[in-house]
Amino acid sequence: MGRFADVPVLLVAVVWGSSYLAAKGVTTADTVLAVLVLRFAVVLPVLAAVGWRRLRALSGAQLRGAGLLGLILAVIFLLETYGVVHTSATNAGLIISLTMVFTPLAESRVRRVRLPGAFLAAAGLSVAGVALLTQGAGFTAPSGGDLLMLGAAVVRTVHVLAMARMESVRGADALSLTTVQLGGAVAVFAVLVALPGTGASPWAAAADFDAGDWAGLVYLSVFCTLFAFFVQMWAVRRTSPSRVSLLLGTEPVWAAAVGIALAGDRPGRLGFAGALLVLVGTAWGRSAADRGQAAAGRGRAAAGASADQGPQTTRTPRHHTPETRGTPGR
């Protein structure tokens with residue numbers, strides 16, 4: 001099931017890699033909140049209509065858990081969108097990819113398990129590849145936008161772990177949970193955009209959109225938001241948060257591919273070498289995660305078998321002679 005879940009997660013990395021170019025084409029510093037409201041509001045009515053029956057079946061605990069995940073999601077989007085506006089796409093791709101290191105480290109602390117050395121080495125190789133990849137377009141000095149992207153990487157880690165470990169949302173329908181999450185996030189954005197001095201209103205921003213802006217907004221809504229987070233929630237239940245984050249760590253590779261194909265970027269030899277390292281590191285990390293999970297499964301099975309058998313004692317058998325066999329007291 002882990003390998004089956006890899007394909008849609010990899011597609012999420014592809015669309016997220018393309019989201020930087022799409023977001024920069026639609027968003028300005030004055031329209032961040034307006035675009036976020038529009039981006040989420042486009043898909044919410046469709047989600048609610050399609051999954052209304054399952055949405056009503058959610059318990060109060062599941063609604064509260066999904067609402068909390070929605071607040072975390074809102075923080076991620078705020079940090080990422082403001083960060084992309086105030087830094088280069090190159091820096092953004094490099095910094096956000098640190099999620100693939102933060103997540104396994106955090107997961108190992110939460111679960112009190114030691115990460116395999118091969119997995120850590122694979123993650124390090126992937127980060128080195130991202131560094132080389134971004135050097136092709138030039139790495140600028142750190143800025144406020146870079147710090148926002150670093151915060152987004154940390155909160156992404158929290159979101160992935162929360163989806164995997166929150167008891168209140170286990171067993172709930174993934175589509176319904178995604179709907180509640182996005183609804184909670186858009187509520188946060190709507191409150192913030194209504195405050196004075198937070199930028200243009202959604203209506204004013206929408207009035208200035210042309211056909212290309214609307215196409216970019218729909219792409220961000222349907223593929224980079226709805227599809228991506230539905231798949232992410234589905235995948236972390238069938239594999240591990242570390243494996244999901246490692247696959248999503250290929251995002252900078254796809255961002256570079258989109259930049260080369262559509263924006264005319266030329267990463268150079270170092271950039272292409274970095275892309276190769278990211279792909280190799282991701283494949284290696286997936287194999288290491290598979291071996292670690294298999295070993296853990298064997299360990300749990302052995303422990304269970306030992307517990308079922310109960311404590312064992314060694315006894316010296318009694319040797320009977322014809323005179324004493326079956327005679328009490330002799």
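## Examining the overall build of the chain
- Tallying secondary structure elements over the chain gives 15 helices and zero strands in all.
- Per-residue burial over the chain gives 45% buried out of 330 residues.
- Contacts in the chain between residues far apart in sequence, at least 24 positions, make up 91% of those at least 6 positions apart.
- Surface accessibility of the chain: about 16,300 Å² in total, with carbon and sulfur atoms responsible for 65%.

## As for the pattern of salt bridges
- With the rule as written, the count across this model stands at four salt bridges.
- D173 is the salt-bridge partner of R54, the closest N and O atoms lying 3.5 Å from each other. Highlighted residues: R54 in helix α4 (residues 52–56) and D173 in the loop between α9 (144–165) and α10 (174–194), separated in sequence by 119 residues.
- On the basis of relative accessible area, R54 is assigned to the partly exposed category, the value being 40%.
- As a salt-bridge pair, R156 and E251 come within 3.3 Å of each other at their nearest N and O atoms.

## Details of the nonpolar core
- Within the largest apolar cluster, 62 residues are counted, with the highest numbers of intra-cluster contacts made by W16, F40, L69 and F189.
- No other element matches the ten residues that helix α5 (residues 60–85) contributes to this core.
- Those residues in contact with F40 that lie beyond four places of it in its chain are L73, F77, L182, A185, V186, F189 and T225.
- Ranked by size, the runner-up nonpolar core spans eleven residues in total, among them V130, L246, V253 and A275.

## A word on unusual backbone geometry
- Here R112, not a glycine, exhibits a phi torsion of approximately 55°, which is positive.
- Along the chain, R112 falls in the loop between α7 (99–111) and α8 (117–135).
- Given a relative accessible area of 77%, R112 falls into the exposed group.

## Remarks on the packing of helix α2 (residues 32–41) against helix α12 (residues 211–236)
- Axis separation between α2 and α12 bottoms out at 8 Å; the angle between their running directions is 60°. Relative to α12, the element α2 is oriented oblique. In the crossing of α2 with α12, the sense of the turn from one axis to the other is right-handed. The residues of α12 that touch α2, namely those facing V35, L38, R39 and F40, are L217, L220, S221, C224 and T225.
- When its residues are assigned to classes, the contact of α2 with α12 shows six nonpolar, two polar and one charged.

## Things to note about the confidence of the model for the chain
- Averaged over the chain, the pLDDT score is 80; the fraction of residues at 70 or greater is 82%.
- Low pLDDT, under 50, characterises residues 312–330; the stretch is placed with three contacts to residues that sit more than four places away or in other chains.

## Some remarks on the side chain of Q181
- Secondary-structure assignment places Q181 in helix α10.
- Within the local environment of Q181, its side chain forms a polar contact with the side chain of H159, the two groups lying 2.8 Å apart.
- Filtering out sequence-adjacent residues up to four positions away, Q181 remains in contact with A66, L69, G70, L73, H159, M163 and M233.

## Things to note about the packing of aromatic side chains
- For the structure on display, the rule yields four aromatic pairs.
- Judged by centre distance (5.3 Å) and plane angle (85°), the rings of F209 and W214 are edge-to-face.
- On the basis of relative accessible area, W214 is assigned to the partly exposed category, the value being 37%.
- Within the aromatic cluster, the residues linked to one another by ring pairs are F40, F77 and F189.
- In this structure, R156 is placed above the aromatic ring of W16, and the distance from its NZ or CZ to the ring centre is 4.5 Å.

## Side note on the packing of α7 against α9
- Between α7 and α9, the least distance of the axes is 9 Å, while the angle of their chain directions is 45°. Considered as vectors, α7 and α9 are oriented oblique to each other. α9 is crossed by α7, and the crossing has right-handed handedness. Contacts between α7 and α9 pair T99, F102, T103, A106, E107, V110 and R111 from the former with L150, A153, V154, R156, T157, V160, L161 and R165 from the latter.

## Describing the environment of L248
- In this structure, L248 sits in helix α13 (residues 241–248).
- For L248, a relative accessible area of 9% puts it in the buried group.
- Separated by 239 residues in sequence, L248 and V9 place their C-alpha atoms 6.9 Å apart.
- For L248, the residues in contact, after removing those within four places along its chain, are V9, V12, A13, W16 and Q232.

Criteria and cut-off values
Residues numbered from 1 in each chain as written. Predicted model: local features only at pLDDT ≥ 70, side-chain atom pairs only at ≥ 80, totals over all residues. Heavy atoms only, no water. Helix = DSSP H or I, 4+ residues; strand = E, 2+ residues; numbered from the N terminus. Buried < 20%, exposed > 50% of the residue type's maximum accessible area, 1.4 Å probe, protein only. Contact = heavy atoms within 4.5 Å. Areas by Shrake-Rupley, 256 points an atom, 1.4 Å probe, with all protein chains shown as cover. Salt bridge = Lys/Arg side-chain N within 4 Å of Asp/Glu carboxyl O. Core = buried A, V, L, I, M, F, W, Y, C linked by side-chain atoms within 4.5 Å. Axes fitted to C-alpha atoms, helices over the stretch in contact; angles between N-to-C directions. Parallel < 35°, antiparallel > 145°, perpendicular 65-115°, else oblique. Left-handed = near helix turned anticlockwise from the far one by under 90°. Nonpolar A, V, L, I, M, F, W, Y, C, P; charged D, E, K, R; others polar. pLDDT = per-residue confidence, 0-100. Polar contact = N/O pair within 3.5 Å; in protein donor to acceptor, adjacent residues only side chain to side chain. Phe/Tyr/Trp six-rings, centres within 6.5 Å; stacked < 30°, edge-to-face > 60°. Lys NZ or Arg CZ within 6 Å of the ring centre and 35° of its normal.

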